[in-house]
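The residues making up each chain are set out below.
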Amino acid sequence: GQMRGMLIYSGRCTARCEHHARPRTGLSRTVWVCFGMLLLASSAACDRAPAPAQESGPKRTANETSLVRFPLDEVTRSGVTVEPVGRTAFRTYRSFPGVVRPNENALANITTLVRGRVAEVHADLGQMVKANQLLVVLHSGDLGLAQSAYLKAIARRHVAEQAYQRAQFLFQEKVIGQAEAQRREGEMISIRAEAQEAREGLLLLGMSDKEIKKLEQTQTIRSQVPIVAPFAGRVIARDLTKGELVETTNKLFAVADLSTVWVVANVSEKDISYVQRATTNPNQPVEVRVTAYPNEVFQGTVLYVGDVLDTATRTMQVRLALENPTGRLKPEMFATIRVLSEPTSDVLVVPEAAIQHDRDRSFVFVQQEPGVFEARTVRLGDKNGTLAEILEGLREGEVVVKEGAFTLKSELLKPKD
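Residues numbered from 1 in each chain as written. Predicted model: local features only at pLDDT ≥ 70, side-chain atom pairs only at ≥ 80, totals over all residues. Heavy atoms only, no water.

K.L.:
Give a description of the side chain of Lys409 that names residues and reports values.
P.N.:
Tracing the backbone shows Lys409 in helix H9 (residues 405-412). Buried charge without a partner: Lys409 forms no salt bridge, and the closest opposite charge is Asp358, 5.8 Å away. A polar side-chain atom of Lys409 sits 2.4 Å from the main-chain carbonyl oxygen of His357. (Helix = DSSP H or I, 4+ residues; strand = E, 2+ residues; numbered from the N terminus. Buried < 20%, exposed > 50% of the residue type's maximum accessible area, 1.4 Å probe, protein only. Lys, Arg positive; Asp, Glu negative; His and termini not counted. Salt bridge = Lys/Arg side-chain N within 4 Å of Asp/Glu carboxyl O. Polar contact = N/O pair within 3.5 Å; in protein donor to acceptor, adjacent residues only side chain to side chain.)

K.L.:
So what about the sheet that holds strand E22 (residues 379-383)? Which residues, and what values?
P.N.:
One open sheet holds the four strands; their spatial order is E3-E18-E23-E22, and the pairing between them is antiparallel. Either end of the sheet is taken by a strand with one partner, and the two such strands are strand E3 (86-90) and E22. Strand-to-strand twist of the sheet, defined as the mean angle between neighbouring strand axes without regard to direction, takes the value 60°. Sheet topology note: the E22/strand E23 (residues 387-392) ladder contains three bridges and is antiparallel. Its bridge partner being in E23, Lys383 is matched across the sheet by Ala388. (Pairing = 2+ DSSP bridges. Axes fitted to C-alpha atoms, helices over the stretch in contact; angles between N-to-C directions.)

K.L.:
Residue-level account of the sheet that holds strand E5 (residues 107-111), with values.
P.N.:
Strands in a sheet are paired, the pairing made by backbone hydrogen bonds, and the direction either parallel or antiparallel. Strand order in the open sheet made by the four strands is E5-E12-E10-E7, with antiparallel pairing throughout. Of all strands in the sheet, those bounded by a partner on one side alone are E5 and strand E7 (128-129). The pairing of strand E10 (residues 233-238) with strand E12 (residues 251-256) spans four bridges and is antiparallel. Counted as the bridge partner of Arg238 is Phe253 from E12.

Next up, the structure:
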């Protein structure tokens, strides 16, 4: 009001001055200077912007921006559940990729010791076989020749032994000299060595002592080569067909006892200590999860921890043994090994489902009162798939949202009008 009065007064003064400027030529210079200063002051007042009006309405505080309010019936309908924060024994784990392998101590790659042609096949892929069960019969000309050579060798041995006995009698009767007796003894020793060499050849071709003795008795050459299973198991590989010519380098069958299988995994250098603890402590649980059975957990025992790291991958090989009585674990299945740490007592934890994330921030919803929840920033420690360790941000006994936290997060991040 005062400023407006000044503007009106200055305007009047200006008009009067302009009207009387010419007639009143006698005004002093001092009066005109005062009028000029008054005009400048009024012009400056007119150029000023009016002061902004103060905003009306309540302001949202920092604490209110982290609150979510839900009616109680909406809380129940949304499936929001809460539980108090507590302390408990806590253990973490490390996971390593692996592959199921046959137990190599109960695995046989069956080959033939003699070259031959497949005459009969008695086992198929996937078949369960018993110990000493016939798998395949080969017809081998090489075996027939070796048996013939042995029969000839033992025949010559018999003749040489008879000749040596007669030579001893004749030498005692002074019919022949000592030199002749020694010559026949030498022939007998040489032929005995040949017979022994022929017998060893039959053993190398797969004939047993019992079969060789039967050959000596019957003098019948048999070129069939029966190949049997070394132990009870399942045929996991077959690589032959009837009539095929096989060499000694061919793998005909693979038989494995899969009642126990191995899981071979690669462990990174930084996690070796986890596996070493499982090796030294037989009660340390080692869990194995297989892709084929995602809802099942198998228990394994660490058999071997590698002594040398792979220089390219910086990993170390670990081998576990798993019981497989039903045969559900198949070789070459993908698996994951989970090794648990030693438990740590009195750790403040919350369910992992309660943890929410927004950019680089982790937070939980703390119930202030029924239907009012505060988004509280927390600092997390380790996780074990069920629980998460809380390092900062919560106190024991505070009530946090366990289920339905994502619903509250959506409400919290909803744009405000």
